[in-house]
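Architecture and fold: a report
Listed below, chain by chain, are the residues.
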Amino acid sequence: MSEVEGFSDKVGFIWSVADLLRGDYKPHEYGQVILPLTVLRRLDCVLEPTKDAVVARAKDLAGRIENIDPILLRAAGQPFYNVSPLNFTRLLDDAPNIAANLRNYIAGYSTGAVEVLEKYGFDNQITRLDNAGLLYHVVARFADVDLHPGVVSNEAMGYLFEELLRKFSEMSNETAGEHFTPREVIRLMVNILLAEDDDVLRGTAPVRTMYDPACGTGGMLTGGQEHLAHLNPRARLEVFGQELNAETWAIARSDLMIKGQDPARIVLGNSFTADGFTGQHFDYMLANPPFGVEWKRIERQIKDEAEHLGERGRFGAGLPRISDGSFLFLQHMIAKMKPVSEGGSRLAIVFSGSPLFSGGAGSGESEIRRWIIESDMLEGIVALPDQLFYNTGISTYFWIVSNRKAPDRKGKIVLLDARDQWGKMRNSLGAKRKEITDDQIAEITRLYHDAVHLGGSDDRVKVFANSDFGYQHITVERPMRRRWYLTDETISAITDAKPYLALANPPKGATNPAAAVREGERAQQQLFGILRGLRGVREDREVAFDKHLGHALGQAGITIASNLRKAILSAAAMPDVDAPVVTDRKGQPLPDPDLRDTENVSLLEPAETYMAREVRPHVNDAWVDESKTRIGYEIPFTRHFFVYAPPRPVAEVDAEIDLVEAEIQAVLRGVAR
């Protein structure tokens with residue numbers, strides 16, 4: 001930024017408007033005035049050379065042509081125009097009516113520009129400034145700043161606007177992280193995203209596209225443009241974005257407007273339910289979507305697309321939990337990758353730790369990971385330091401996904417641990433207390449670029465095969481062994497069971513409910529006596545015990561419902577490791593639900609090999625129910641970088657305790673004196 005001539009002076013001059021606002025506005029509100037007026041002043045300066053011609057042309061065509069937009073846009077030579085005869089200088093000629101005149105001046109802009117200013121909510125600020133007696137002074141201050149393209153280039157204007165935005169974001173710590181990604185994180189992501197294509201991007205005049213489906217204020221897209229401009233001034237990066245929040249959309253769109261780029265490429269709306277770029281594909285994509293945001297409000301639309309379009313839509317791989325839509329963003333971005341035949345695409349997206357491992361085998365999250373990894377699209381994951389973002393101190397990661405991996409990366413996934421690459425900030429900003437320095441950005445970029453050739457020489461980098469992250473979730477069964485007999489405890493359990501208690505409930509429509517209750521209670525007492533009489537019976541087979549039960553009931557002349565009989569047999573079935581195995585009608589052993597267990601077994605190892613080594617030496621009758629086996633994928637990042645630290649020797653801890661106790665005693669003696 002410092003290389004842009006006059007940059008600091010312009011920022012300082014515009015920032016001085018805050019002096020006028022102080023007292024009537026809180027510091028975090030300054031941006032509500034300064035940002036839209038900066039946009040207005042830039043547009044005013046850009047349109048000045050053609051302003052009179054556009055105004056005259058608009059008057060000439062009034063009432064004659066229904067759609068005059070294309071004509072006025074050509075006359076203005078810009079993607080916007082203004083048909084009001086007013087400008088910033090003329091606004092100052094009528095101080096008493098400056099509020100009305102400013103509104104009329106804004107209304108003279110073409111639809112796209114007016115919409116941006118509406119989303120800023122600037123009309124409310126006009127009223128507020130006018131009531132405070134500040135409107136004339138603020139407009140006069142902006143009229144004094146020269147933002148003509150000949151003085152402030154599009155590049156410099158972009159830097160200026162970004163710097164103002166950064167200042168206001170820092171002053172609004174509580175919400176900055178929702179819409180503003182730290183600049184050093186953007187630079188790191190862009191560096192790694194574009195590093196593989198350095199040679200191509202240094203060509204004569206390459207043109208590439210970049211997309212952000214949750215673009216916030218547009219910082220990611222701006223970072224991409226800055227990096228490519230530094231790499232090759234002749235290169236052009238056309239940016240596209242979509243944003244749900246109206247105010248931040250207005251900021252992102254303003255950024256393009258004041259740079260002289262097409263503002264229509266920043267779309268307002270929900271990327272999932274109102275995709276602004278349906279059918280379009282991009283060379284690069286970047287995103288920092290909100291962490292852990294539920295998608296219940298759009299659940300119906302998402303599930304409808306997944307159900308009806310399947311793999312032809314965006315969400316065919318699976319749906320994550322309602323409580324976290326992170327993977328929806330990633331699938332949406334993958335759907336916008338260019339086919340490999342057209343050059344393919346690369347993307348980088350910031351996640352919390354949850355998408356690495358949340359969801360067991362067969363769950364939506366696991367199936368999405370499986371699809372990405374088995375399709376050989378996951379290129380790498382970089383772990384970032386904690387306390388790096390404005391609104392959260394949690395550890396974060398960014399994933400690099402590509403459908404055009406370099407030959408030496410095919411079938412491989414790079415994990416890069418950059419959690420120790422940070423410097424302490426002089427002043428914290430919300431939850432942000434750390435930053436990544438330029439040297440550290442360069443080091444992380446180098447490590448990622450060289451990862452597959454390091455050969456394990458750097459502990460911060462590990463390279464895995466895709467299959468290393470897959471596992472079989474197997475169900476280990478053991479045979480059921482039971483003996484059937486009754487005890488006081490099992491009889492008590494039977495008398496507490498619903499079928500037994502239901503005996504005393506009068507049937508619906510009973511003519512004499514009280515009598516029905518008494519009859520039911522007598523049946524309960526009879527059955528209780530029968531159960532107590534069976535306490536000496538002990539059988540190895542259910543059918544044999546059931547015969548005893550049936551005989552006793554028959555002798556007493558009692559008939560019981562099938563569900564009550566089933567409850568008695570279930571309560572009488574007592575686990576016994578020495579009992580014979582219970583089998584089905586085909587003689588096959590029945591599994592014991594109480595002994596059922598599950599194991600996660602690497603995809604690289606047959607389940608039977610694992611069973612023979614790990615399970616059967618301890619329980620030789622166990623088997624795997626293959627009908628329940630599920631394939632899962634997870635990325636246990638921290639486990640792979642865990643370094644065991646042995647506990648301190650007991651003698652060392654004791655010596656430290658003795659020292660502390662001596663210090664406490666010395667303090668107490670001093671107090672006693």
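Calculation criteria
Residues numbered from 1 in each chain as written. Predicted model: local features only at pLDDT ≥ 70, side-chain atom pairs only at ≥ 80, totals over all residues. Heavy atoms only, no water. Pairing = 2+ DSSP bridges. Helix = DSSP H or I, 4+ residues; strand = E, 2+ residues; numbered from the N terminus. Axes fitted to C-alpha atoms, helices over the stretch in contact; angles between N-to-C directions. Contact = heavy atoms within 4.5 Å. Core = buried A, V, L, I, M, F, W, Y, C linked by side-chain atoms within 4.5 Å. Buried < 20%, exposed > 50% of the residue type's maximum accessible area, 1.4 Å probe, protein only. Salt bridge = Lys/Arg side-chain N within 4 Å of Asp/Glu carboxyl O. Phe/Tyr/Trp six-rings, centres within 6.5 Å; stacked < 30°, edge-to-face > 60°. Lys NZ or Arg CZ within 6 Å of the ring centre and 35° of its normal. Patch = residues over 30% accessible without salt bridge, like charges linked within 9 Å, V, L, I, M, F, W, Y side chains within 5 Å. Areas by Shrake-Rupley, 256 points an atom, 1.4 Å probe, with all protein chains shown as cover. pLDDT = per-residue confidence, 0-100.

1. As for the sheet that holds strand β5 (residues 346–351)
The sheet built from nine strands is open, its strands ordered β3-β2-β1-β4-β5-β7-β6-β8-β11 with mixed pairing. Two strands in the sheet have a free side with no partner beyond their single neighbour: β3 (266–268) and β11 (461–465). Taken pair by pair, the neighbouring strands of this sheet meet at an average axis angle of 15°, ignoring direction. Across four bridges, strand β6 (residues 378–383) lies against strand β8 (residues 412–417) in parallel orientation. Counterpart to V382 in the pairing with β8 is L416. Sitting on the sheet, helix α16 (residues 246–258) touches β2 (236–243) and β3, and the angle it makes with β3 is about 160°.

2. Describing the nonpolar core
Judged by nonpolar contacts, the single largest core of 107 residues is most densely connected at L21, Y120, V382 and F398. Counting residues in hydrophobic clusters, the runner-up holds 43 residues, among them V267, I334, V401 and Y633.

3. A word on the pattern of salt bridges
In total, this model carries 48 salt bridges according to the counting rule given. As a salt-bridge pair, R522 and E519 come within 2.4 Å of each other at their nearest N and O atoms. With R522 and E519 both in helix α24 (residues 513–533) and three residues apart, this pair spans about one turn of that helix. Relative accessible area serves as the criterion here: at 44%, R522 is assigned to the partly exposed category. The exposure class of E519 is partly exposed, given its relative accessible area of 45%. Residue R616 pairs with E608 through a salt bridge whose shortest N-O separation is 3.0 Å.

4. Some words on unusual backbone geometry
Phi angles above zero are rare outside glycine, and D376 is one such case at about 55°. Relative to the assigned elements, D376 resides in the loop between α20 (364–374) and β6. Positive phi, normally seen in glycine, also occurs at Q387, with a value near 55°. Here Q387 lies in the loop between β6 and β7 (397–402). Under the relative-accessibility criterion, Q387 is labelled partly exposed at 23%.

5. Structural notes on the environment of G218
For G218, the location among the structural elements is in the loop between β1 (207–212) and α15 (219–231). For G218, a relative accessible area of 7% puts it in the buried group. Sequence separation between G218 and F240 is 22 residues, and the spatial gap between their C-alpha atoms is 9.3 Å.

6. Concerning the packing of aromatic side chains
Overall, the coordinates contain 16 aromatic pairs when judged by the stated rule. Aromatic side chains F327 and F351 sit 5.8 Å apart centroid to centroid with 80° between the ring planes, which places their arrangement in the edge-to-face category. Separated by 24 residues along the polypeptide, F327 in helix α18 (residues 326–334) and F351 in strand β5 bring together distant segments of the chain. Measuring from centroid to centroid gives 5.3 Å for F351 and W399, while their planes differ by 80°, and the two rings are edge-to-face. Of this pair, F351 sits in strand β5 while W399 sits in strand β7, placing them 48 residues apart in sequence. Across the pair, exposure class does not vary: F351 and W399 are buried alike. One aromatic cluster is present, formed by Y211, F240, F277 and F282 through successive ring pairs. Just above the ring of W422 sits the side chain of K434; from NZ or CZ to the centre is 4.1 Å. A cation over a ring is seen here: K462 above F641, with NZ or CZ 5.5 Å from the ring centre.

7. A look at the pairing of strand β10 (residues 432–435)
The two faces of a sheet get side chains in turn, since along a regular strand they alternate between them. Relative to β10, strand β9 (residues 423–429) is paired through three bridges, and the arrangement is antiparallel. Looking at the pairing, L429 lines up with K432 of β10. Counted between consecutive antiparallel strands, the loop separating β9 from β10 contains two residues, among which G430 sits at a positive phi close to 65°.

8. As for the sheet that holds strand β13 (residues 482–485)
If you trace the three strands from one edge of the open sheet to the other, you get β14-β13-β15, paired in antiparallel fashion. Among the strands making up the open sheet, the edge pair consists of β14 (538–539) and β15 (573–575). The pairing of β13 with β15 spans three bridges and is classified as antiparallel. Paired with R482 across the two strands is P575, which belongs to β15.

9. Some words on a nonpolar patch on the surface
Taken together, the side chains of V660, I664 and L668 define a hydrophobic patch exposed on the protein surface, amounting to about 260 Å² of accessible area. Assignment of secondary structure puts V660 in helix α29 (residues 650–672). With relative accessibility at 40%, the residue V660 sits in the partly exposed group.

10. Looking at the confidence of the model for the chain
When pLDDT is averaged across the chain, the result is 90; 97% of the residues are at 70 or more. Per-element confidence in the chain ranges from a low mean pLDDT of 45 for helix α12 (residues 173–179) to a high of 98 for β6. Here residues 174–179 is a poorly scored stretch, pLDDT under 50, and it has 10 contacts once near neighbours within four places are set aside; other chains count.

11. Description of the side chain of T490
Along the chain, T490 turns up in helix α22 (residues 488–495). With residues near it in sequence (within four places) discarded, T490 still touches Y485, A571 and M574.

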